[in-house]
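# Results of the structural survey
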Amino acid sequence: MGEGKYGIHPPTLERIAGEIGEVVKAGVQVAVVIGGGNIFRGVSASTAGMDRANADYMGMLATVINAMALQDALEKTGVFTRVQSAIKMEQISEPYIRRRAVRHLEKGRVVLFAAGTGNPYFTTDTAAALRAMEIHADVLLKATKVDGVYTDDPKKNPSATRFKHLSYIDVLKKNLKVMDSTAISLCMDNDLQIVVFDSTKRGNVRRVLLGEEIGTVVGRNTARSTKHEQEHA
């Protein structure tokens, strides 16, 4: 969406594709779960009176549009991609099949997981956590517009401070808006480390994977395994 209020902003799309392409060409296996809030937000629509399940399905369809847009941008940079949708759309994407996704990653392709989990009442945060478990990802990168998790909204409270490290329990107890509680619980149960970082700054994806101290790390073992994370993501 970039600086706009709706839709897809081509320069932002190109920048994101460039960030992903950079780490793929460095040998990192990358899978992406993409949201759809720039087109349609299911939760917002449900609070306005629409049936929640119906609104969530519409939000899932929006994520497919975004995945197709990102696929186009990535392939223009020479990065091979596959879109796998949790809702079957044979003409435009593959159905989600775990083994096929892993094989694509092994071949150096970027896999874009679209349509969330395919179920209403689950966010794309939960979809990201679930897919990360299924493909045995080493780390879950949560790309945001702020440089980590803060004690309060830094835009509203100038005295808010950033956490460098957090445990899963801290996030749940303090009700910190890192990801939804289902996603955090899933990561906690499977000991998957989360790194929350600012994706609007060029080069941050590579910096995170190189183990630089940017953003907030959520997990039991908060020390970053630089070499390991360079090899897989």
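Refer to the structure presented above.
Conventions we followed
Residues numbered from 1 in each chain as written. Predicted model: local features only at pLDDT ≥ 70, side-chain atom pairs only at ≥ 80, totals over all residues. Heavy atoms only, no water. Pairing = 2+ DSSP bridges. Helix = DSSP H or I, 4+ residues; strand = E, 2+ residues; numbered from the N terminus. Buried < 20%, exposed > 50% of the residue type's maximum accessible area, 1.4 Å probe, protein only. Polar contact = N/O pair within 3.5 Å; in protein donor to acceptor, adjacent residues only side chain to side chain. Phe/Tyr/Trp six-rings, centres within 6.5 Å; stacked < 30°, edge-to-face > 60°. Lys NZ or Arg CZ within 6 Å of the ring centre and 35° of its normal. Axes fitted to C-alpha atoms, helices over the stretch in contact; angles between N-to-C directions. Left-handed = near helix turned anticlockwise from the far one by under 90°. Contact = heavy atoms within 4.5 Å.

## Structural notes on the sheet that holds strand β1 (residues 31-33)
Reading across from one edge, β1-β4-β2-β3 is the order of the four strands in this open sheet, with parallel pairing throughout. Only two strands of the sheet have a single partner each, and these edge strands are β1 and β3 (94-95). With three bridges connecting them, β1 and strand β4 (residues 110-114) associate as parallel partners. The residue of β4 that forms the bridge with A31 is V111.

## So, the side chain of T117
For T117, the location among the structural elements is in the loop between β4 and α5 (124-134). T117 gets classed as buried once you look at its relative accessible area, which sits at 16%. Polar contacts involving the side chain of T117 include one to the main-chain amide nitrogen of N119, which spans 3.2 Å.

## Some details on the packing of aromatic side chains
Evaluation of the coordinates by the stated rule reveals one aromatic pair. Aromatic pair Y96 and F113: ring centres 5.5 Å apart, planes at 80°, arrangement edge-to-face. Of this pair, Y96 sits in the loop between β3 and α4 (98-106) while F113 sits in strand β4; the two residues are 17 residues apart in sequence, bridging distant segments of the chain. Each of the two residues, Y96 as well as F113, counts as buried. One residue, R131, lies across the ring of Y96, its end atom 3.7 Å from the ring centre. One residue, R131, lies across the ring of F113, its end atom 5.9 Å from the ring centre.

## Some words on the pairing of strand β9 (residues 194-198)
The side chains of a regular strand alternate, first on one face of the sheet and then on the other. By the criterion of burial, β9 is predominantly enclosed, with five of the five residues buried. Side chains of β9 alternate between two faces, with I194, V196 and D198 and V195 and F197 buried alike. Summarising the sheet, strand β5 (residues 140-144) and β9 pair through five bridges and their orientation is parallel. Within the sheet, the bridge partner assigned to L141 lies in β9 and is V195.

## Quick look at the packing of helix α1 (residues 10-25) against helix α3 (residues 52-76)
For the pair α1 and α3, interaxial distance at closest approach is 9 Å and the crossing angle is 60°. Regarding α1 and α3, the two cross each other, and that crossing is right-handed. Two secondary-structure elements touch here, α1 through L13, I16, A17, I20 and G21 and α3 through A69, L70, A73 and L74.

## So, the sheet that holds strand β8 (residues 165-166)
Overall, mixed pairing links the four strands, which are arranged β5-β9-β10-β8 in an open sheet. The sheet terminates laterally at β5 and β8, the two strands that pair on one side only.

## Observations regarding α5
By the criterion of burial, α5 is predominantly enclosed, with eight of the 11 residues buried. Every buried residue belonging to α5 is among D125, T126, A127, A128, A129, R131, A132 and M133, and all of these are buried. Looking at the buried side of α5, the elements it contacts are β1, β4, β5 and α7 (181-189). Two or three places before D125, at the start of α5, stands the capping residue T123, its side-chain oxygen 3.2 Å from that residue's backbone nitrogen. Following α5 by one or two positions, H136 adopts a phi angle in the positive range, close to 60°.

## Brief notes about the pairing of β4
Of all five residues in β4, five are buried, a share of seventy percent or more. For strand β2 (residues 81-85) and β4, the ladder comprises five bridges, and the chain directions are parallel. Within the sheet, the bridge partner assigned to S85 lies in β4 and is A114.

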